[in-house]
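# Structural description and commentary
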Amino acid sequence: MTADTCIFCRIVAGDLPCHRVFEDQHTLVFMDIFPVADGHALVITKQHAATICEADEEALTAVAATARRVAHAIRTVLAPDGLMVFQLNGAAAMQTVLHYHMHLLPRREGEPLALHTRVPGDPARLAEVAAQLAAALR
Ligand code: AMP
Ligand code: ZN
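Residues numbered from 1 in each chain as written. Chains lettered and ligands numbered in written order. Predicted model: local features only at pLDDT ≥ 70, side-chain atom pairs only at ≥ 80, totals over all residues. Heavy atoms only, no water.

### Quick look at the sheet that holds strand 2 (residues 27-31)
Ordered by their spatial adjacency, five strands build an open sheet running 1-2-3-5-4, and the pairing between neighbours is antiparallel. Two strands lie at the open edges of the sheet, namely strand 1 (20-23) and strand 4 (82-86), each paired on one side alone. With direction set aside, neighbouring strand axes in the sheet form an average angle of 15 degrees. Direction of pairing for strand 3 (residues 41-45) relative to strand 5 (residues 101-107): antiparallel, over a ladder of four bridges. Its bridge partner lying in strand 5, Ala-41 is registered against Leu-104. Here helix 2 (residues 57-78) sits on the sheet and contacts strand 1, strand 2, strand 3, strand 4 and strand 5; the angle it forms with strand 5, its principal contact strand, is near 20 degrees. (Pairing = 2+ DSSP bridges. Helix = DSSP H or I, 4+ residues; strand = E, 2+ residues; numbered from the N terminus. Axes fitted to C-alpha atoms, helices over the stretch in contact; angles between N-to-C directions. Contact = heavy atoms within 4.5 Å.)

Structure (structure tokens):
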């Protein structure tokens, strides 16, 4: 997959829409359109890199810092019982979009866990949470 055909590169370029939460020089954060839980967000590198091995250190460091900021916002806005942070590399690890990204998945006690779903999120709710998280960032 090249940067021309990559769905996340197209989001970075503004060719495809997203429910944007935050962006800086190296990272972009938006809501997962097939959320496994309310508030499921993705932190991606702006530069195309398929996996952790291709991404450069500066970008990965930036992802970690951005993830921490958004984690605080998730705690403020959604007050989940926990927050799962995960990142998949390669088909065997169930990576489905071959552009490096980190999942921020709010967790509620007793809620069943899945890494993916085919059920799209309610666009109005995705937009609402994106705006709330953006406003809560510090
Ligand atoms: P992974 O399986 O770790 O590669 O995760 C890819 C994630 O991207 C999945 O949770 C998908 O629901 C999500 N996803 C796919 N396309 C889009 C999109 N256009 N906007 C937002 N999230 C997406
Ligand atoms: Zn890409």
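### Points about the coordination of the zinc ion (ligand 2)
Taken together, Cys-6 (SG), Cys-9 (SG), His-48 (ND1) and His-99 (ND1) make up the full set of protein donors to the zinc ion (ligand 2), lying 2.0 to 2.3 Å away. Of note is the zinc ion (ligand 2), whose four donor atoms meet at the metal with angles of 104 to 119 degrees in an arrangement that counts as tetrahedral. Each donor residue of the zinc ion (ligand 2) lies on the same chain, and together they follow the pattern C-x2-C-x38-H-x50-H. Highlighted residues: Cys-9 in helix 1 (residues 7-13) and His-48 in the loop between strand 3 and helix 2, separated in sequence by 39 residues. (Donors = N, O, S within 2.8 Å, 3.2 Å for Na, K, Ca; no water. Tetrahedral: all angles 85-135°; square planar, octahedral: opposite > 155°, others 65-115°.)

### Describing the site of ligand 1
Taken together, 17 residues are adjacent to ligand 1, and Asp-32, Thr-96, His-101, His-103 and His-116 come closest. In the model, an oxygen atom of ligand 1 is placed 2.4 Å from a nitrogen or oxygen of the Asp-32 side chain. Between an oxygen atom of ligand 1 and a side-chain N or O atom of His-116, the distance comes to 2.4 Å. Coverage of ligand 1 by the protein chains reaches 92% of its 510 Å² of free accessible surface. In this structure the site holding ligand 1 corresponds to the largest pocket. Broken down by secondary-structure element, the contributors of at least two residues to the shell around ligand 1 are helix 1, strand 2 and strand 5. At three residues, the largest contribution of residues to the shell around ligand 1 is made by helix 1. Here the shell around ligand 1 is composed, by residue class, of eleven nonpolar, five polar and one charged. (Near = heavy atom within 4 Å. Polar contact = N/O pair within 3.5 Å; in protein donor to acceptor, adjacent residues only side chain to side chain. Areas by Shrake-Rupley, 256 points an atom, 1.4 Å probe, with all protein chains shown as cover. 1 Å grid on protein atoms, 1.4 Å probe; cavity = no way out; pocket = protein on both sides within 12 Å on 5 of 7 lines; lining within 4 Å. Sits in = over half its atoms within 2 Å of the grid points. Nonpolar A, V, L, I, M, F, W, Y, C, P; charged D, E, K, R; others polar.)

### Section: the layout of surface pockets
Each pocket or cavity is described by its volume, and for the largest pocket that value is around 520 Å³. Residue lining of the largest pocket: 25 residues in total, with Phe-8, Asp-32, Ile-33, Phe-34 and Val-97 positioned closest to the centre. Taken together, the elements giving at least two residues each to the lining of the largest pocket come down to helix 1, strand 2 and strand 5. The class makeup of the residues in the lining of the largest pocket is 15 nonpolar, eight polar and two charged. (Points joined across faces, edges and corners; volume = space filled by probe spheres on them.)

### A look at the nonpolar core
Core analysis: the biggest nonpolar cluster contains 20 residues, and Val-21, Val-29, Met-31, Val-43, Leu-104 and Leu-133 have the highest contact counts within it. No other element matches the six residues that helix 2 contributes to this core. In contact with Leu-104, not counting residues within four places along its chain, are Gly-39, His-40, Ala-41, Val-43, Ala-67, Val-70, Ala-71, Ile-74, Leu-83, Met-84 and Val-85. Within the second largest apolar cluster, nine residues are counted, among which are Cys-6, Phe-8, Leu-42 and Ile-44. (Core = buried A, V, L, I, M, F, W, Y, C linked by side-chain atoms within 4.5 Å. Buried < 20%, exposed > 50% of the residue type's maximum accessible area, 1.4 Å probe, protein only.)

### Section: helix 2
With 22 residues, helix 2 extends 31 Å between its outermost C-alpha atoms, agreeing within 8% with the 32 Å of an ideal straight helix rising 1.5 Å per residue. Looking at the buried side of helix 2, the elements it contacts are strand 1, strand 2, strand 3, strand 4, strand 5 and helix 3 (123-136). Phi turns positive, to about 45 degrees, at Ala-79, one or two residues after helix 2. (Expected span 1.5 Å × (residues − 1).)

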